[in-house]
Amino acid sequence: MPVRDWVLHVDLDQFIAAVELLRRPELRGRPVVVGGSGDPSAPRTVAATATYEARERGVHSGMPLRTALRRCPDAVFLPSDPPAYEAASARVMATLREFPVLVEVWGWDEAFVGATTDDPERLAADIRRAVMDSTGLSCSVGIGDNKHQAKLASGLAKPGGVFRLTGETWAATMHHRPTDALWGIGRRTAAKLAAIGLRTVGDLAAADPEELAARFGRTNGPWYRYLALGRGEAEVSPAPWVARGHGRETTFTEDVADPDEMRGHVAELAARVAGDAAEAGRRVVRVTVKVRFVPFDTRTRQSTLPAATSDPAEVVATARALLDRFALDRAVRLLGVAVEYAPPDDTPPGEGA
């Protein structure tokens, strides 16, 4: 095989649970659920992750721990420990950087790798072995011509395998799958596509781009077809990973029905998020408020600021205005405020000169 450029996607298998099992090897082979304080009787706490043994019993990320307990009463419940996961992730990324490749970190448990090689499978196997040897963690590696293909390939490689998905194999591997198998198309979009007869990736790849643009917009419509054709970005950037935003939320032990109390909570959350941004030296460009009404109806409202700001008062005022766009005639069980940051090189006018 000739030497050429490849994109690999390294995805750690059941990462959070795997870190916990390294610390508690006696739990291997048992259903384990990680989330909150680890107390499944605590109200309104959800699972961050679960081992494959728990997933086989119907437990999944985002599920209330009480539900997880009902589905898997013999599961072991453990508290979430973000500092341990950050440390484990840092060791994995350091291991990847020991190879003659470019590494683009996408979070705790995944990274894209850009490599020039004549044998991407051998490189993927070497990466898997090195990560296991240095950290004790298993990973799956997808190989592709671009990030989209590599990301999907790592999913097809799970758990603990290697899979190649390229332009040559795209149709045979992907055309029979539903459209939400694509990276970037969710269930709602897939349902809208199915409503016009586009149920599979192959259907979408063969669709008329002008019709897609008319139905879904001139940006989104053609983009969906672009994904269905297996295309995507191929450049891997080794620039340090930088958070694009941050959020905080509160789940109430008792439902909140008073709108004034809701406004107070949102203002407090917004002030904390603004403080987080200031600590990180970042400026805010967009604010989002999330409201989960009883029983489990979650909605969001979002507003882009006129200019990037580090003023907490502006963030709080925007969050409160967003909350007032909801019909606050029902009790809520969760409130959240999130912000999107300006790029880190964004400099306010008159500063840095």
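Right above here is the structure, for reference.
Keep in mind that what you see is a predicted model, and the values were worked out from it rather than measured. Along each chain, residue indices are assigned from 1 in the same order as the chain's sequence is written. Given that the model is predicted, a residue must reach a pLDDT of at least 70 before its local features are reported, and side-chain atom pairs must reach 80 or more before they are shown or counted; all residues, however, enter totals for whole chains, interfaces and linings. Note that the side-chain values use all heavy atoms of the structure and ignore hydrogens as well as water.

(A) Up close: the overall build of the protein. Strands are runs of DSSP state E lasting at least 2 residues, helices are runs of H or I lasting at least 4, and numbering of each runs from the N terminus. For the protein, the helix and strand inventory stands at 13 helices and 12 strands. The globule rule used for comparison is 2.2 Å times the number of residues to the exponent 0.38, while the radius of gyration itself is calculated over C-alpha atoms. Relative to the compact-globule value of 20 Å for 353 residues, the protein shows a C-alpha radius of gyration of 22 Å, a close match. Taking the principal axes of its C-alpha atoms as reference, the protein extends roughly 65 × 55 × 55 Å. Exposure is judged per residue with a 1.4 Å probe applied to protein chains only, and the accessible area is read against the type maximum: over 50% gives exposed, under 20% gives buried, and values in between give partly exposed. Burial analysis of the protein (353 residues in total) assigns 43% to the buried set.

(B) The nonpolar core, seen in detail. Counting residues in hydrophobic clusters, the biggest one holds 35 residues, and the most contacted among them are Leu8, Phe15, Leu96, Ile127 and Leu137. No other element matches the 6 residues that helix H4 (residues 82-96) contributes to this core. In this analysis, two residues are considered to be in contact whenever any of their non-hydrogen atoms come within 4.5 Å of each other. Excluding anything up to four places from it in sequence, Leu96 contacts Val10, Val101, Val103, Ala111, Val113, Ile127 and Val131. Joining through side-chain atoms within 4.5 Å is the link that ties buried Ala, Val, Leu, Ile, Met, Phe, Trp, Tyr and Cys residues into a set, and such a set is a nonpolar core. Among the nonpolar cores identified, the runner-up in size contains 28 residues, and Val256, Leu269, Ala274 and Val287 belong to it.

(C) Seen up close, the environment of Phe163. Summarising the element assignment, Phe163 is placed in strand E8 (residues 162-165). As a C-alpha pair, Phe163 and Val291 span 128 residues in sequence and 40 Å in three-dimensional space. Those residues in contact with Phe163 that sit more than four places away from it in its chain are Val141, Gly142, Ile143, Ala153, Leu156, Ala157 and Thr173.

(D) Up close: the sheet that holds E8. Taken together, 5 strands build an open sheet; the order of strands is E5-E6-E1-E7-E8 and the sheet is mixed. One side of each edge strand has no neighbouring strand; the edge strands of this open sheet are strand E5 (102-107) and E8. Direction aside, neighbouring strands of the sheet carry axes that sit 20 degrees apart on average. Two strands form a pair only when DSSP identifies at least two bridges running between them. Where E5 meets strand E6 (residues 110-117), 5 bridges bridge the pair, whose relative direction is antiparallel. When the sheet's bridge partners are listed, Val105 is paired in E6 with Ala111. Note on geometry: axes are lines fitted to C-alpha atoms, helical ones only across the stretch in contact, with angles between N-to-C directions running from 0 to 180 degrees. Strands strand E1 (4-12), E6, strand E7 (139-144) and E8 of the sheet are contacted by helix H5 (residues 120-135), whose axis makes an angle of about 160 degrees with E7. Sitting on the sheet, helix H6 (residues 147-157) touches E1, E5, E6, E7 and E8, and the angle it makes with E7 is about 140 degrees.

(E) Fine view of the sheet that holds strand E12 (residues 332-341). If you walk across this open sheet you meet the 4 strands as E9-E12-E10-E11, and the pairing is antiparallel. Each of the sheet's edge strands pairs with one partner strand only, and the pair in question is strand E9 (245-256) and strand E11 (297-309). Averaged over all pairs of adjacent strands, the angle between their axes in this sheet comes to 10 degrees, without regard to strand direction. Here 9 bridges tie strand E10 (residues 284-293) to E11, and the two strands are oriented antiparallel to one another. Counterpart to Thr288 in the pairing with E11 is Gln302. Along the sheet, helix H12 (residues 259-279) makes contact with E9, E10 and E12, crossing E12 at roughly 30 degrees.

(F) Expanded view of the pattern of salt bridges. Take a side-chain nitrogen of Lys or Arg and a carboxyl oxygen of Asp or Glu: if they are within 4 Å of each other, that pair is a salt bridge. Scanning the model with the defined rule gives 21 salt bridges in all. Taking the shortest distance from any N to any O, the salt bridge between Asp260 and Arg263 comes out at 2.8 Å. Linking Asp260 with Arg263, this pair stays in helix H12, spanning 3 residues, or about one helical turn. Taking relative accessible area as the criterion, Arg263 reaches 22% and is therefore assigned partly exposed.

(G) Molecular detail of unusual backbone geometry. Backbone torsion omega between Lys158 and Pro159 reads -10 degrees, so that peptide bond is classified as cis. Look at the link from Val294 to Pro295: it is a cis peptide, with omega at 5 degrees. With respect to the helices and strands, the residue Pro295 is situated in the loop between E10 and E11. The backbone of Gln14 shows a phi angle near 35 degrees, a positive value even though the residue is not glycine.

(H) Helix H13 (residues 312-323), seen in detail. For H13, with 12 residues, the first-to-last C-alpha span of 17 Å sits near the 16 Å given by 1.5 Å per residue. On its buried side, H13 packs onto H12, E10, E11 and E12. Counting of polar contacts relies on pairs of N or O atoms within 3.5 Å, with two restrictions inside protein: one atom must be capable of donating a hydrogen and the other of accepting it, and residues adjacent in sequence are counted only when both atoms are side-chain atoms. The distance from a side-chain oxygen at the start of H13 to the backbone nitrogen of Ala313 is 3.0 Å, and the residue carrying that oxygen is Asp311. The span you would expect from a helix comes to 1.5 Å times its residue count less one.

(I) Quick look at the pairing of E12. Of all 10 residues in E12, 8 are buried, a share of seventy percent or more. Pairing analysis gives 8 bridges linking E9 to E12, with the strands arranged antiparallel. Opposite Thr250, over in E12, you have Leu335 as the bridge partner. Here E10 pairs with E12 via 9 bridges, running antiparallel. Counterpart to Val287 in the pairing with E12 is Val339.

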